[in-house]
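Chains, contacts and geometry: an overview
What follows is the residue order along each chain.
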Amino acid sequence: MSDDEEARKKKHHKKSKSKSKSVEDAIEKKLREKKMKEKAAAAAEDALEAKIRAKQKAADGEVSSDEEEERERLSGSGSESNLARTKSGGSSKASKPKKAPAAAAAGPTDIITSPLFQSGGGDVRNRPAPNLAQTPEVDPLRAAEEAKKQNTRQVNQRYADLHETGAWGGLSKWEKYGLCLLALVAIGVAAGLGIKFANDARTDAPTGAPSISPTGSPSSSPTPMPTDETYRGITGLEAMKAVSPNLALRVDTPEELIGASTDPSATPQEIAAEFLLYDDELQIPARDPRFIERYALAVFYYTNGGCAGDWIDTTNWMNPKRDHCQWYGVVCDLQGLVTELAMEGNYVTGEMIMELSQLKTMSTMDLSNNRMEGQVSLDALNISSLFTLRLSNNVFSGDFPFDRLLEGSPLLSNLWIQENAKLIGEITDDYCSLFSITLDCDNFKPLPVYTTDGITTTFEAQCLEEKGVKPTEYTCNSDAGIPVTKPPSPTPANNNCGTPVVD
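In the annotation of an unreviewed UniProt entry, the protein is listed under the name Leucine-rich repeat-containing N-terminal plant-type domain-containing protein and assigned to Cyclotella atomus.

Next up on the list: the pattern of salt bridges. Under the counting rule described, the total for this entry stands at seven salt bridges. Taking the shortest distance from any N to any O, the salt bridge between Asp-366 and Arg-390 comes out at 3.6 Å. On the criterion of sequence distance, the pair formed by Asp-366 in strand β6 (residues 364-366) and Arg-390 in strand β8 (residues 388-390) is long-range, its members being 24 residues apart. Overlapping salt bridges, with partners in common, bring together Asp-288, Arg-290 and Asp-323 in one network.

By the definition in use, this model includes eleven aromatic pairs. A ring pair is formed by Phe-402 and Tyr-431, whose centres lie 5.3 Å apart and whose planes are at 90 degrees; its orientation type is edge-to-face. Here Phe-402 is found in helix α11 (residues 402-408), whereas its partner Tyr-431 is found in the loop between β11 (422-426) and β12 (436-439), with 29 residues between them in sequence. Judged by its relative accessible area of 2%, Phe-402 falls in the buried class. The class for Tyr-431 is buried, based on a relative accessible area of 0%.

All right, on to the nonpolar core then. In terms of nonpolar packing, the biggest core is built from 71 residues, with Tyr-295, Phe-300, Met-352, Met-365, Phe-400 and Tyr-431 touching the most fellow members. Where this core is concerned, the elements lending two or more residues are α8 (227-243), α9 (268-279), α10 (289-303), β4 (338-342), α11, β12 and α12 (458-466). When residues in this core are grouped by element, the largest group, ten residues, is from α10. When neighbours within four sequence positions are excluded, Met-352 is seen to be in contact with Met-365, Leu-367, Met-372, Val-376, Ser-377, Ala-380, Leu-381, Leu-391 and Phe-396.

Glancing now at the sheet that holds strand β7 (residues 371-374). As summarised here, the arrangement of the five strands in space is β5-β7-β9-β11-β13, forming an open sheet in which the pairing is parallel. Either end of the sheet is taken by a strand with one partner, and the two such strands are β5 (349-350) and β13 (444-445). Sheet analysis places strand β9 (residues 395-399) next to β11, joined by three bridges and oriented parallel. Opposite Asp-399, over in β11, you have Ile-424 as the bridge partner.

The rules behind each value
- Residues numbered from 1 in each chain as written.
- Predicted model: local features only at pLDDT ≥ 70, side-chain atom pairs only at ≥ 80, totals over all residues.
- Heavy atoms only, no water.
- Salt bridge = Lys/Arg side-chain N within 4 Å of Asp/Glu carboxyl O.
- Helix = DSSP H or I, 4+ residues; strand = E, 2+ residues; numbered from the N terminus.
- Phe/Tyr/Trp six-rings, centres within 6.5 Å; stacked < 30°, edge-to-face > 60°.
- Buried < 20%, exposed > 50% of the residue type's maximum accessible area, 1.4 Å probe, protein only.
- Core = buried A, V, L, I, M, F, W, Y, C linked by side-chain atoms within 4.5 Å.
- Contact = heavy atoms within 4.5 Å.
- Pairing = 2+ DSSP bridges.

If you want it as structure tokens, here you go:
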């Protein structure tokens, strides 16, 4: 090995050795700085805790004069020792001694007598064991009782007797509660009586402002109805005029209806309106849907033979004490709205009236086997919930409104109109999907085609060709209608049923 190589190795060895030594010195320096910071933080915590404890004792008035003198002595000695260390210490950092914590500078006696170590807190890692002989004794039970007395809520002396004995002013607690309850009941009764008297006064008050000058002579009779009945009459009359023909109700005020039942020139609508506003004991409000339903049934009674004595059964009809759901042939739902008018074979006469369309929740109208006549009124069948319509075996005439019936009755599924010899019409393919249709096929177009196998109709062929379906039951009737005979019954004497008016 040459001298140069050996020199390089020695130089490299020295360099690596110096480098590792510098790393160790740096680590040791950081450790020393960390320890000094921890000691400084511990000393700061001790000083802060001493200040807090001194303030607490000063606030409680428990700091004695001896303790204050001892604290001054300790602070003075500490300052003198610090001054001495400052004078003796050189400028070199290596010769400067490490700064000891404040707790380590004092002797054992100072640590015990100092308030810093009489309770928890501060840095306890280098704390010496306390001298129990010099520690003041504290009774924990007595301290707890004192704390409880301080935290006890002070009772107002004014209510001390009620708080301790339950008696106040010579009465027990429950007697007081009873008196309070009676007072509340009395207040409630007084409030109720006040409301009642106020309502009575409001009802008795005049409905309008007094006239400017008195009338010439007093009225012969008082007003026939109170304010609420007048409102019901006006509102009810407006509702009835809205659903009847224009000339059926020829009055402008409800009072003009009085006496319609005895007036030979009155219409069935006017007699029905008088019954509903003045004679009906149920007094259904005008805004209630049952009001207009009751009116429509009353018009049906006066127009279609019920009043004239043609009907076979008129049980409860026009009884002012009976709900119309209890009238013969009328079926209602739980809300009291009509769902079915079943008058089959009751010898109903006359034409169909448009007021029947006000039975808006009706699903079945059965007027078969009667003596009804005239055209089938489309206005009477404008019922959105109508499902079954039976008009068979009557004397209806004219064109049946096939083209417009399903517009007002889109749910219609069963249609029986057979045995009406004068009823004609042209059935449309809109009826292909109905469930059951029975009619006199010879009276309607498309006309049927008779074959040896039976009867087929061009209507069924048309349905299958254009719609791909046909009615489940499409029946061509071949029987003649059998007139219904009314059993003999006395015709009501002097019974005014009104004169129907054609609009």
